[in-house]
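Here's the letter readout for the chains.
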There are 2 protein chains.
Amino acid sequence: MDVRTLCLGILALGDATGYEIRKMVAEGSFSFFSEASYGSIYPALTRLTEEGLVTYQTTPQSKRPDKKVYNLSPAGREELTRALRRDPGPDKNRSEFLASLLFAEAVSPERVNELIGDRLRQHRQKIDSLKSLLDEDMTPASSFVVQFGIAVQQAALDFLENNRGMLEGIGTRKKRKSASA
Amino acid sequence: MDVRTLCLGILALGDATGYEIRKMVAEGSFSFFSEASYGSIYPALTRLTEEGLVTYQTTPQSKRPDKKVYNLSPAGREELTRALRRDPGPDKNRSEFLASLLFAEAVSPERVNELIGDRLRQHRQKIDSLKSLLDEDMTPASSFVVQFGIAVQQAALDFLENNRGMLEGIGTRKKRKSASA
DNA sequence: ATTAATATATATCGAAATGATATGTATGAG
DNA sequence: CTCATACATATCATTTCGATATATATTAAT
């Protein structure tokens, strides 16, 4: 999903500033399945404004840049509906962790073990943070998505705990000078 | 993981052409957690060659561009080891599907239902294709990663099957001309 | 008490990556 | 016999990332 459509969708749920949009995708209940940086969000909002798909009210603030609260225009809502009619593309899962494991022949077994330990901790942390999101009042869709995230994280955690034995002996230690040849 | 390191890692597992690398990340056992397009792979290989981290042998082919089989140089292997010493960043999961659900207030309940049906099919297909990868002979690490993928896909599938009821009544149908005002 | 870090809020910019396309043939399916 | 897929390289416009700049208020740590 391009940042453009992402912004339209978020604004469909309520007015927001660019800063708030960024926060939602980076830390909020959107963080599980999307991300976008300032470098893409602000230009997107500018363009959407030019196209009349969003509008904004400026709230002056002393000692701080004026706050621009964006809201979806009727044309923007139509554009969102059109975008959502298209079939969503397949999910994309990127994992440096799994890549590192695959290439782990080049690293020591201790490093592999450390990698997995770190990973287990990260999964537990992620699950906790998702669970705490559930406390806040949410729409059913939002709750569904967060619970989905929890389920997937939990499955990853369980798999790692139950199968790390498979990686016994993965990794190479630096060969000491070989006797042969 | 940048494409550069990805290429080094893949070449550490065996020599390959740019075309083959692309195929591995797009369809092979790497497809679960990484992706890269020609537009990033070919320039990366060119730069790696310039830097002496990979070399290649040209296999002339009539009626087809010459095949360039790349292989990792000792310097490249060192660079890979250095890269793998850095802590892997967090996973990134992007899902247009989940985003669509969150924004689904703007679409019809039927569309939501259709979305989920499609999704169930896609998960089953993905699981099948991952399972068929397991038949091929694999390194332990490779097998671990694929089984990890299966576990996660299965968890997502199970969640959808068991909880789609949560989305009952999500979505709005176009209001017919309201009696009131 | 003072330093350090975090949060608010906008915005830009170089570097990286995507997704599509160009080129041209061989092969297998329908 | 036609059409799609596989092989194999490569480029390019557009999009996105990740870092940085600017400036202050608040909270946390030592």
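Note that this is a predicted model, so its numbers are computed, not measured. (Residues numbered from 1 in each chain as written. Chains lettered and ligands numbered in written order. Predicted model: local features only at pLDDT ≥ 70, side-chain atom pairs only at ≥ 80, totals over all residues. Heavy atoms only, no water.)

## Here's the deal with empty space enclosed by the protein
One water molecule sets the probe size; rolling that probe over the atoms shows where empty space is left. On inspection of all chains with the given rule, the structure shows one cavity of 30 Å³ or more. Of the pockets and cavities examined, the largest cavity occupies roughly 60 Å³. Lining the largest cavity are F97(A), L115(A), D118(A), R119(A), Q122(A), D87(B), P88(B) and G89(B). By residue number, the principal contributor to the lining of the largest cavity is helix α6 (residues 109-135) of chain A, which donates four residues. (1 Å grid on protein atoms, 1.4 Å probe; cavity = no way out; pocket = protein on both sides within 12 Å on 5 of 7 lines; lining within 4 Å. Points joined across faces, edges and corners; volume = space filled by probe spheres on them. Helix = DSSP H or I, 4+ residues; strand = E, 2+ residues; numbered from the N terminus.)

## Topic: the relation of the copies chain B and chain A
Rotating chain B by 180° and moving it 0.0 Å along the rotation axis overlays it on chain A with an RMSD of 0.1 Å. The superposition of one copy onto the other is thereby described by a two-fold rotation axis. Within chain B, the C-alpha atom positioned nearest to the axis of rotation is that of N93(B), 2.3 Å from it. Looking at the interface residues of chain B, 100% of them are also at the interface in chain A, so both copies use one shared face. (Least-squares fit on C-alpha atoms with pLDDT ≥ 70 in both. Contact = heavy atoms within 4.5 Å.)

## Notes on the interface of chain B and chain A
The interface is formed by 58 residues belonging to chain B together with 58 residues belonging to chain A. Summing the contributions of chain B and of chain A, the shared interface buries around 6,100 Å²; its carbon and sulfur component is 68%. When the buried surface of chain B facing chain A is broken down by residue, L102(B), F103(B) and F144(B) rank first, second and third, together holding 13% of it. Seen at the junction of chain B and chain A, the total is four salt bridges. Where chain B packs against chain A, one counts 20 residue pairs in polar contact (both at pLDDT 80 or more). When contributions to the side of chain B that touches chain A are tallied by element, the ones reaching two or more residues are α1 (3-13), α4 (74-85), β3 (92-94), α5 (96-102), α6 (109-135) and α7 (140-163) of chain B. In terms of residues, the side of chain B that touches chain A owes the most to one element, α7(B), which gives 15 residues. Broken down by class, the residue content of the side of chain B that touches chain A amounts to 33 nonpolar, 12 polar and 13 charged. Sheet analysis places strand β3 (residues 92-94) of chain A next to β3(B), joined by three bridges and oriented antiparallel. Each residue of the ladder has a partner; that of R94(A), found in β3(B), is K92(B). (Buried area = accessible area lost by both parts, 1.4 Å probe. Salt bridge = Lys/Arg side-chain N within 4 Å of Asp/Glu carboxyl O. Polar contact = N/O pair within 3.5 Å; in protein donor to acceptor, adjacent residues only side chain to side chain. Nonpolar A, V, L, I, M, F, W, Y, C, P; charged D, E, K, R; others polar. Pairing = 2+ DSSP bridges.)

## Some points on a positive patch on the surface
A contiguous patch of positive charge on the surface is contributed by K92(A), R94(A), K92(B) and R94(B). At the level of secondary structure, the elements contributing two or more residues to the positive patch comprise β3 of chain A together with β3 of chain B. Assignment of secondary structure puts K92(A) in strand β3. Accessibility expressed as a relative area gives 43% for K92(A), which makes it partly exposed. (Patch = residues over 30% accessible without salt bridge, like charges linked within 9 Å, V, L, I, M, F, W, Y side chains within 5 Å. Areas by Shrake-Rupley, 256 points an atom, 1.4 Å probe, with all protein chains shown as cover. Lys, Arg positive; Asp, Glu negative; His and termini not counted. Charge placed at Lys NZ, Arg CZ, Asp CG, Glu CD. Buried < 20%, exposed > 50% of the residue type's maximum accessible area, 1.4 Å probe, protein only.)

## Description of the protein's contact with DNA strand D
Surrounding DNA strand D, one finds 24 residues, the nearest of these being S40(A), Y19(B), Y42(B), K68(B) and K92(B). The protein-proximal atoms of DNA strand D, defined as those within 4 Å of the protein, are 64% sugar or phosphate. The separation between a phosphate oxygen of DNA strand D and a polar main-chain atom of E35(A) is 3.4 Å. Between K23(B) and DNA strand D, the recorded distance is 3.2 Å, taken from a side-chain N or O atom to a phosphate oxygen. Going through the elements one at a time, α3 (38-50) of chain A together with α2 (18-26), α3 (38-50), β2 (67-72) and β3 of chain B are the ones with two or more residues in the surface near DNA strand D. Looking at the surface near DNA strand D, its residues break down into six nonpolar, seven polar and 11 charged. (Near = heavy atom within 4 Å.)

## Topic: the domain arrangement of chain A
Residue and element names in this part refer to chain A. You can read the domains of chain A as domain 1 (3-85) and domain 2 (96-167). Centre-to-centre, using C-alpha coordinates, domain 1 lies 30 Å away from domain 2. On the domain 2 side, the residues contacting the five residues of domain 1 number 10 residues. At the boundary of domain 1 with domain 2, the tally comes to zero salt bridges. Its residues assigned to classes, the side of domain 1 that touches domain 2 comprises two nonpolar, three polar and no charged. (Domains from an automatic or database assignment.)

## Let's talk about the protein's contact with DNA strand C
Looking at DNA strand C, there are 24 residues lining it, with Y19(A), Y42(A), K67(A), K68(A) and K92(A) nearest. Sugar and phosphate atoms represent 65% of those atoms of DNA strand C found within 4 Å of the protein. Note that a phosphate oxygen of DNA strand C is positioned 2.8 Å from one of the side-chain N or O atoms of Y42(A). K67(A) is positioned with one of its side-chain polar atoms (N or O) 3.3 Å from a phosphate oxygen of DNA strand C. At the level of secondary structure, the elements contributing two or more residues to the surface near DNA strand C comprise α2 (18-26), α3, β2 (67-72) and β3 of chain A together with α3 of chain B.

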